[in-house]
Structure formats: C-alpha cells, structure tokens
Amino acid sequence: MNIVTIQNGDFLVIKLQGRLDTAQSSIVEKMFLEILDHGHERIILDCEDLDYISSSGLRIFLIAQKKILGVSGTLRICNLQPNIREIFDISGFSMIFSISHDLVAALNPDL
Amino acid sequence: MVAIFGFVPVLLFLALLFLLDSFKLVKPRLLVLCLLYGIAATGLSYFFNTWVILSTGISFESLSRYVAPIAEEFLKALVIFYLVAARQVGFMVDAAIYGFAVGTGFALAENTWYYWNLGTDFSALLAIIRGFGTALMHGGTMSICAIFLIEGIQRSSPAWRAGFIGLLAAMLLHSLFNHFWLNPLMQTMLIIVILPLALYLVFMRSTRHLQQWLEVAFSSEVDMLRMIKQGQFRNTRAGQYLASLKEHFAPDVLLDLYCFLSLYLELSIKTKRNLMLKENGFPVILESDIPSKLTEFKQLRKQIGKAGEMALYPLVRMRQRELWELNQLEN
C-alpha cells in the first residue's frame, strides 16, 4: 500500500494506493494518527487508486473520522472506485462519511 | 463506613468490565436484569439452604462446602442459560459481563444480609474478605460458567454439554473457595490478583476473535451480496451450488432460499457495520426498513423450514452467533 500526501489549499489530500486490508490497516492507522498529531484538521482521502478495502480498512476510516470530528475538523472521501463505492453503499457506510465524486468536488463541495 | 468494603469493590469491578467492552456488546437493560436476578437468586438460595439444614441436620460447614455451591451456582446460572437460549449473548466478553453481573447481584444481597444480621460485628476485616473475596468469587464463578457455555456452543458442542461443563467449573471453584484451605485473607488476595488477570486475558482473546470474525465474514458477505445485487451470483460457486438445489426443491422454495440468503446477508452486514460504529463511538444506524426485513426474514425461515436451512449450510448456518446478530438489529 502506498500513501502520498499533498497539501491542496486548506486541505491535506491523502492518496491511498493499493489494498487497504488487515495487514496494511495498522500502518495506515499509525500514519493517520501522526497526521492528526501534526495538527491537520481538514483532510481528503483520495481513493482513486485504492483497489480493495476490508472491514479493517473501514474501521481505520471510522477512527480517522472520529478523531477529526473530535477537533471539529473535516474528513472527505473522493474518487471511490465503483467496487469500493458499492461496499460503502451496501454496508450503509455512505451515510457516515462525506463522499465526493472527485477531488474537485471534495475541495469545493458547494460547486 | 466499613460496609462500603463489602459492596463497592464488586460494583467497581463490574463497572470496569463494562467499560472494557470495546464493541459495546452488553445491553444495559440486560445487565440490570442480571443484577436483579442475582439478588433474587440470593433469596431463593437462602430459603433452600435453610430448608436443607432444617430437614437433614447437615452441619453449616458441610452445607457451605458442598450443598450451597451447587445450589447457588445452579440458581445463578439459570438467567445466563436463558440469555444464551434467547440469543442475547454472542461472545465471551458479553457472556463474562452478564455472568459477573449475576454474581454481583448475588454478592450484594448476601453481604447486605450479613451486614444486617451481624450489625457491629461486621468488622472491617470481614467486610474486606466478603467484599474483595467472596463477592468477586461469586462474580468470577458465574463469568467462568458463562464463558464455558458460549465458547462450547461456538465450538459446536451441544448446549447442554457446554452448560454442564460451565456449571461444574463454577460449582467446583465455589466449593474450593468455601473450603478455606488457605487463610481467608490470603485467599482474598489470590482472587484480587488472579481474577482480573484471567478476565483481562479472556477479553483480549475475545476481542481479537471478534475482529477476525468481522474481517473475514464482513468481506465475504459484502462480496456475495454484491454479486447477488449485480445479477452475477449464478457465476459464483455459491450461486452454482444454490442452482444445483433445484433438483431437490420446488421452484417456489428455491426462490425463498435465494431471498433468505440475500436478506440474511443484508441484515448481517448491517449488524457488523453497527458493531464497527459502536467500537468507534458512533451512534448505530437503524434503517427504517429493518423491522420489515426482519419480519420477512423470520417468515422466510419458517417457509424454508429445517430442510431448507440444512441445504443452505454450505453458504450460511443459523447458529448462535448468526441468530444473535439478527437480535442486535431487533433490539
């Protein structure tokens, strides 16, 4: 799993690439916590290159969401591949997260 | 003031166990039910033990070593057996907490009785021994009984066997405690050290098990439901297996089997999602159509009958945990 972070305006964009499964989830969780510790409160998870997500991965998203809500920050998810989007829809996690079609929409939700 | 030692430790321990339940498996109203039942069980035990002494002339020592452990643990366990039979217990963590709550209720009532009858003779030392030793023993034995029961059922042991082993373990430990082979204070110290450690290890194991179960089952259920929703189920091995059943079932029953599977997957995924939400401190989501889907699921279960459920065994088995899952949505 590759993780690339880019500062885009007020938002820190985290590009997740590869598979977010049990083996990777602890690494990603640690990375999220480090990012939050550095004071980033407006985050976009760009999942354009995320091929697979398991329940461990979803739990990492939930942990991030909880931490960010705790500091009144913002977490948005964008560019979900259709198969991943379906997982969110089937399980009802779409109701929990703010999901945008692409990065532009995530950066400017009012457009 | 001295009496506090007799009541507070076991309540604090119960509160600690409740807080350690990271997936919030325990329902507060059932916890209160267990506490109240424990109190009622003390009354029943008191009358039974008194009756045994009066009718047999047995010494108090023999009663406390052999008769009381059997009667008291049996009475305490009844509510645990009921909760398991009603599919209200899914894992070792909730089993242990409900079990401990029954023991807590029992110990609180028993210590109240001692305090009431002994008055000023209820010394600090006695309060400490009863509060830290006897009270934690009552909670611990019922926790162990509940853990054995649920673990046995999860390993596909017959419920009666798992229940018997759990109950036997609780009775033996209780009897061992009442023999006082060690100095009572030493015995109390041992309980203070061993019980939290043992329950902590059980909690760790159960939580790890729950996470593994979530990981494996959630992904496979989402995959299967996705294939069903996309109309590609027949291309999967599971779909081919279901199609192969047409030789054994009428078309309408086959349709019910298909609907049953699809509905089960949908409801099961929602329960797992809610567990993940609870673990992370989010409120659970209960979609407005869940009650009607649960009703439909129960109806389908009746319609396919035992034969239909057995035919679906390779795909889904309606065991303790699966039925517990559906109960989570119902409640």
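Values in this document were obtained by computation on a predicted structure and should not be read as measured data. (Residues numbered from 1 in each chain as written. Chains lettered and ligands numbered in written order. Predicted model: local features only at pLDDT ≥ 70, side-chain atom pairs only at ≥ 80, totals over all residues. Heavy atoms only, no water.)

Attention shifts here to helix H1 (residues 4-20) of chain B. Residue and element names in this part refer to chain B. Its 17 residues give H1 an end-to-end C-alpha distance of 24 Å, which sits within 8% of 24 Å, the value for a rise of 1.5 Å per residue. When H1 is considered as a whole, its buried residues turn out to be Gly6, Phe7, Pro9, Val10, Phe13, Leu14 and Leu17. For H1, the elements touching its buried residues are helix H2 (28-56), helix H4 (92-118), helix H5 (124-154) and helix H7 (184-229). (Helix = DSSP H or I, 4+ residues; strand = E, 2+ residues; numbered from the N terminus. Expected span 1.5 Å × (residues − 1). Buried < 20%, exposed > 50% of the residue type's maximum accessible area, 1.4 Å probe, protein only. Contact = heavy atoms within 4.5 Å.)

A separate point is the side chain of His174(B). Relative to the helices and strands, His174(B) is located in helix H6 (residues 159-179). Ignoring sequence-local partners within four residues, the contact set of His174(B) consists of Pro69(B), Glu72(B), Glu73(B), Met137(B), His138(B) and Thr141(B).

This part covers the packing of helix H1 (residues 22-37) of chain A against helix H2 (residues 55-70) of chain A. For any two helices packed against each other, the geometry is given by the interaxial angle and the distance between the axes. Residues and elements named next belong to chain A. Between H1 and H2, the least distance of the axes is 9 Å, while the angle of their chain directions is 15°. In terms of axis orientation, H1 runs roughly parallel to H2. Of the two elements, H1 crosses H2, and the hand of that crossing is right-handed. Contacts between H1 and H2 involve Thr22, Ser25, Val28, Glu29, Phe32, Leu33 and Leu36 from the former and Ser56, Ile60, Ile63, Ala64, Lys67 and Ile68 from the latter. Class assignment of the residues belonging to the contact of H1 with H2 gives a composition of eight nonpolar, three polar and two charged. (Axes fitted to C-alpha atoms, helices over the stretch in contact; angles between N-to-C directions. Parallel < 35°, antiparallel > 145°, perpendicular 65-115°, else oblique. Left-handed = near helix turned anticlockwise from the far one by under 90°. Nonpolar A, V, L, I, M, F, W, Y, C, P; charged D, E, K, R; others polar.)

A few words now on the packing of helix H3 (residues 60-85) of chain B against H4(B). Residues and elements named next belong to chain B. Where H3 meets H4, the axes come as close as 10 Å, and the angle between the chain directions of the two elements is 140°. Relative to H4, H3 is oriented so that their crossing is right-handed. Contacts between H3 and H4 involve Glu72, Lys76, Val79, Ile80 and Leu83 from the former and Tyr98, Gly99, Val102, Gly103, Phe106 and Glu110 from the latter. Classifying every residue of the contact of H3 with H4 gives six nonpolar, two polar and three charged.

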